[in-house]
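Architecture at a glance
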Amino acid sequence: MAERHGERWGAVCAGLIVAVLALTAATRGAQQKQAFDEITVHRINIVEPDGTLRVVMANRDRFPGVIVRGKESAADRPYAGLLFYNNEGTENGGLVFGGHRDADGKIVDSGVSLSMDKYGVGGQMVQLAGVSDNANRFAGLRVKDNSIGGPNTNRIWVGNGDDGAATVALMDGQGRRCIVMEVASDGASKIVFLDANGGVVNQLMPSR
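A brief report on the enclosed structure follows. Computed from a prediction, not measured in an experiment: that's the story for all the values here.

**Here we look at the side chain of E91**
You can see E91 is positioned in strand β6 (residues 91-101). Within the local environment of E91, its side chain forms a polar contact with the side chain of R77, the two groups lying 2.9 Å apart.

And the structure:
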């Protein structure tokens, strides 16, 4: 009886070992490549083999703060979206969006922004954005200075603001507006030339 019991126990152990090996092989294969019809998550991190963060996709609750060289600082970022990081693990652009009503019924944090950041500077180099809430209303393309180590000043703006005018503004290296082309909501158009202090030095308008 003891011998027969030992044989049975050996068979059970052998079966368990085979099952564990099969499960391990299947799991390893699944880690390498999987296919899903639908995934529901709060956040996805894409990292390099050494753990360097490269992409984050997250909801508002799990949205990261500002990350520079892998170190995160807390920041109030009331939106969800997709963030990109350079080879050093520093944020360098993204696509973010949000919008809701507060307790008083006001529309807040409503808009979308697609941006690319300038290396070594905490700010966008190129930004395509649209915002429409109780605090801000504008839509357009903003291009900033792209020189290495230079200031992060605005150089080009193409868009419209709260006044309803469609505007193209060209700025100097200090971010001061030099030429502004504008078409108001009523159709009135003009080209304005400005000095370093923002004063009008010349203005062109269509003849009637």
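Further notes follow.
**Some details on the nonpolar core**
In this structure, L53, V56, A58, F63, I67, L83, Y85 and V96 together form the largest nonpolar core, which totals eight residues. Those elements that place two or more of their residues in this core are β2 (53-58) and β5 (80-85). For this core, the element with the most residues is β2, which contributes three residues. The contacts of V56, once residues within four sequence positions are left out, are R43, I44, N45, P64, G81, L82, L83 and Y85.

**Points about the layout of surface pockets**
Rolled over the atoms, a probe sized like a water molecule indicates the empty space that remains. The space that makes up the largest pocket amounts to roughly 430 Å³. As for the largest pocket, its lining consists of 26 residues, of which E91, D117, V121, G122 and G123 are closest to the centre. Secondary-structure elements contributing two or more residues to the lining of the largest pocket are β3 (66-68), β6 and β7 (107-117). With six residues, β6 is the largest single contributor of residues to the lining of the largest pocket. Looking at the lining of the largest pocket residue by residue, the class counts come to nine nonpolar, eleven polar and six charged. As a volume, the second largest pocket reaches approximately 300 Å³. As for the second largest pocket, its lining consists of 16 residues, of which Y79, D109, S110, G111 and V131 are closest to the centre. Listed by contribution, the elements that provide at least two residues to the lining of the second largest pocket are β6, β7 and β8 (124-132). The element best represented in the lining of the second largest pocket is β7, accounting for five residues. For the lining of the second largest pocket, a count of residues per class yields eight nonpolar, six polar and two charged.

Conventions and cut-offs
- Residues numbered from 1 in each chain as written.
- Predicted model: local features only at pLDDT ≥ 70, side-chain atom pairs only at ≥ 80, totals over all residues.
- Heavy atoms only, no water.
- Helix = DSSP H or I, 4+ residues; strand = E, 2+ residues; numbered from the N terminus.
- Polar contact = N/O pair within 3.5 Å; in protein donor to acceptor, adjacent residues only side chain to side chain.
- Core = buried A, V, L, I, M, F, W, Y, C linked by side-chain atoms within 4.5 Å.
- Buried < 20%, exposed > 50% of the residue type's maximum accessible area, 1.4 Å probe, protein only.
- Contact = heavy atoms within 4.5 Å.
- 1 Å grid on protein atoms, 1.4 Å probe; cavity = no way out; pocket = protein on both sides within 12 Å on 5 of 7 lines; lining within 4 Å.
- Points joined across faces, edges and corners; volume = space filled by probe spheres on them.
- Nonpolar A, V, L, I, M, F, W, Y, C, P; charged D, E, K, R; others polar.

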